Amino acid sequence: MTPDELLRAELTRAALAIGAPDSVAPALERPRDPAHGDWASNVALTLAKPLGKKPREIAELLVAKLDLAAAGVSATEIAGPGFINFRLGAGAHARGLADILTLGSAYGRTTAGQGAPVNVEFVSANPTGPLHVGHGRQAALGDAISALLEGAGYAVTREFYYNDAGVQIENLAKSLWVRVAQRGGVAVAIPEGGYNGEYIKEIAERFVAEHGMPDAATLAAGAASIVAQERPVDAALFDAMRRFAVAALRAEQDLDLKAFGVKFDVYYLESSLYTDGRVEETVGMLQRGGHTFELDDALWLRTTDFGDDKDRVMRKRDGTYTYFVPDVAYHVTKWQRGFRRAINVQGADHHGTTARVRAGLQALEIGVPVGYPDYVLHQMVTVMRGGEEVKISKRAGSYVTVRDLIDEVGRDAVRYFFLMRKGDSQLVFDVDLARSQSEENPVYYIQMAHARLSGIFRVGEIDPATVTADGVAWDALSEEAERELVKSLLDYPRLVAGAAESLEPHRVAAWLLETSRQVHLWYHKHHVLGEPEHILRARLALAKAARQTLANGLLLLGISAPERM
RNA sequence: GCGCGAGUAGCUCAGCUGGAUAGAGCGUCGGCCUCCGGAGCCGAAGGUCGUGGGUUCGAAUCCCGCCUCGCGCACCA
């Protein structure tokens, strides 16, 4: 039992003894102000109504009933409207460090998820261009959420879904055709809806290098078709270009993700939903279920029956399906693959799709719960460079890529910057600031704390493996800075559990920064090496525990924990 | 117009799911290097938590109205 669990149990016992309802569940929290003790409880305030007494009076009754020694409490005080503040004995907290030393990299991990499979889908960028900053935020968020869930005992599958057919890919192929034609001397411009980025020119160059330059007449005829909003006449050549462009951009994105240190377990292709018949099957099921209707030569789904604000077209007048049909079919596969929990990390610009995907799944009546899947939506990222906002437009080809950011400020800093804020907040990524700040960057501050702690062992020529909790005089950790640091370290499991439950990695980022502050403060004020034996041993144990916990937190965010900088 | 999100220090943002005197980084001002790394530490100034009501012992946090900003509202994806 940890000190707070012990205290909570004792508090519950005392509350029942003075006549509290059986449902009483005393809450313990860390007072904002350390002067208010190590733990505080508002239980007397919540009991005021059921017991019909004044909060302070109840607090006094409770304290009288408490077995302080059993709870490891050295002092109590009743404060304010009726808070009970508890101060733990000097060693009571520090003894908790033994857990950290024993558990090591497992400290903060739990088995709460009991190995249940969870699917986390993120990035899911279509192969029509390099990954941009928005994808970067999503990659950092999705990967950290996955790590948090793994740490909470879930079996996580990181999944990337992409559209490799459809209109956008058609436009991509047309754009490539135009660039190849331009190289072949045909005067033609990128069509409406096409992609203007420089990278298409590079792909055109490579296409010609590998496949040879197609003859001018074919290119010119195809270009004319494209201008006329048709597919080029030479379907075989066009398909070759489409496949080439998709493969080239997928390869580029993989390099981006590799540079960012993100790995996916599954890449799911939209086209496979058509080839294996799942799209047709889904449509059939919806029709049989009676939730569809025909109007204006199109097939509609009555999504308004399931909470959407308007009905949606499934099959267009031209006979093709809207994107949302394969999207529903795709989520059916998640359910069928055994994921009772699925989390989609997406930009807030996709939030319009959440209601209709959920509605589609409900209309199938296959037992999918109402709120399936979960969505974690992050707000937009705006990029500032040279004091001006960089307008992000794939078609215009002007935007900042993930690779640009990593090259400029480093992977660790990019990850931290994307994770230090709650996804609900819009994010201004000032590239110049991120670069110029690099020496006083929060991520370096945190890594420095880890490096300094490592330095103690390096300089002292002490193998950290030899530092254990055995026989450590915990009372020796009596300095204020030590007590505060210990408290932060012991809060870590609770913090991580909360972050995992709420799918909010930024809580870990904030904890790392605050704890690093305490490490620097402690390091600056108190020496380890050269102190008397009992102090040396206690402080080495603290240094090792702090270093371990910082490393565990950094790992969750995908940030390295360097031994030296 | 409707939906989602945001509005907290000069700037960028936290605020542990309702607690005590609202915090951090950057920026500004002022201090600290015989010391395990100064890539650090200490201090100061800086707030009507957008706004008006409500709920209760207690509200930045929950509910309602209003204002401002972002995103979305296709037989595009």
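Residues numbered from 1 in each chain as written. Chains lettered and ligands numbered in written order. Predicted model: local features only at pLDDT ≥ 70, side-chain atom pairs only at ≥ 80, totals over all residues. Heavy atoms only, no water.

**Some points on the packing of helix 20 (residues 506-525) against helix 21 (residues 533-557)**
Counted only if it meets this: Lines fitted to C-alpha atoms define the axes here, with helix axes fitted over just the stretch in contact, and angles between the N-to-C directions of these axes take values from 0 to 180 degrees. Numbered from the N terminus, helices here are DSSP runs of H or I no shorter than four residues, and strands are runs of E no shorter than two. Reported orientations rely on four angle classes, namely roughly parallel under 35 degrees, roughly antiparallel over 145, roughly perpendicular from 65 to 115, and oblique for the rest. We call a crossing left-handed when the near helix sits turned anticlockwise from the far one by less than a right angle, and right-handed when that turn is clockwise. When checking whether two residues touch, look at their non-hydrogen atoms; a contact exists if any pair is within 4.5 Å.
Where helix 20 meets helix 21, the axes come as close as 10 Å, and the angle between the chain directions of the two elements is 155°. Here helix 20 is positioned roughly antiparallel relative to helix 21, judged by the angle of their axes. Of the two elements, helix 20 crosses helix 21, and the hand of that crossing is left-handed. Side by side, helix 20 and helix 21 meet where V508, A509, W511, L512, T515, S516, V519 and W522 of the first sit next to R539, L542, A543, A546, T549, L550, G553, L554 and L557 of the second.

**A word on the nonpolar core**
Across soluble globular proteins, nonpolar side chains show a tendency to be buried alongside one another. Counted only if it meets this: Within this scheme, the nonpolar core is defined by two criteria: the residues are buried Ala, Val, Leu, Ile, Met, Phe, Trp, Tyr or Cys, and they are joined through side-chain atoms within 4.5 Å. Buried, partly exposed and exposed residues are distinguished by accessible area as a fraction of the type maximum, computed with a 1.4 Å probe on protein chains only: under 20%, between the cut-offs, and over 50%, respectively. All domain edges in this entry derive from an automatic or database-based domain assignment.
Grouped together as the largest cluster of nonpolar side chains are 94 residues, with contacts concentrated most on L97, V123, F260, F418, W474 and L489. Of the residues forming this core, the biggest block, 13 residues, is contributed by helix 21. When residues of this core are assigned to domains, at least three map to each of domain 2 (122-275 + 379-435) and domain 3 (438-556). Apart from residues no more than four positions distant in its own chain, F260 is found in contact with G136, A139, A140, V402, I406, R411, V414, R415 and F418.

**Notes on unusual backbone geometry**
With an omega of -5°, the peptide bond between Y372 and P373 qualifies as cis. Relative to the elements of secondary structure, P373 occurs in the loop between helix 14 (351-364) and strand 12 (374-378). Positive phi values are uncommon outside glycine, yet V123 reaches one of about 65°. Within the element layout of this structure, V123 appears in the loop between strand 5 (117-121) and helix 6 (133-151). Residue classification places V123 among the buried positions, given a relative accessible area of 5%. Phi is positive for D296, which is not a glycine, with a value near 50°.

**A closer look at the domain arrangement of chain A**
Rules: Throughout, the accessible surface (probe 1.4 Å) given up by two parts as they are put together, summed over both, is called the buried area. Here, a salt bridge means any Lys or Arg side-chain nitrogen found within 4 Å of an Asp or Glu carboxyl oxygen.
Here chain A is partitioned into domain 1 (3-88), domain 2 (122-275 + 379-435) and domain 3 (438-556). Here domain 2 and domain 3 have C-alpha centroids that lie 41 Å from each other. Counting residues at the interface gives 18 residues for domain 2 and 18 residues for domain 3. Between domain 2 and domain 3, roughly 1500 Å² of surface is buried when both sides are summed, and carbon and sulfur atoms account for 70% of that area. The tally of links between domain 2 and domain 3 comes to 0 salt bridges.

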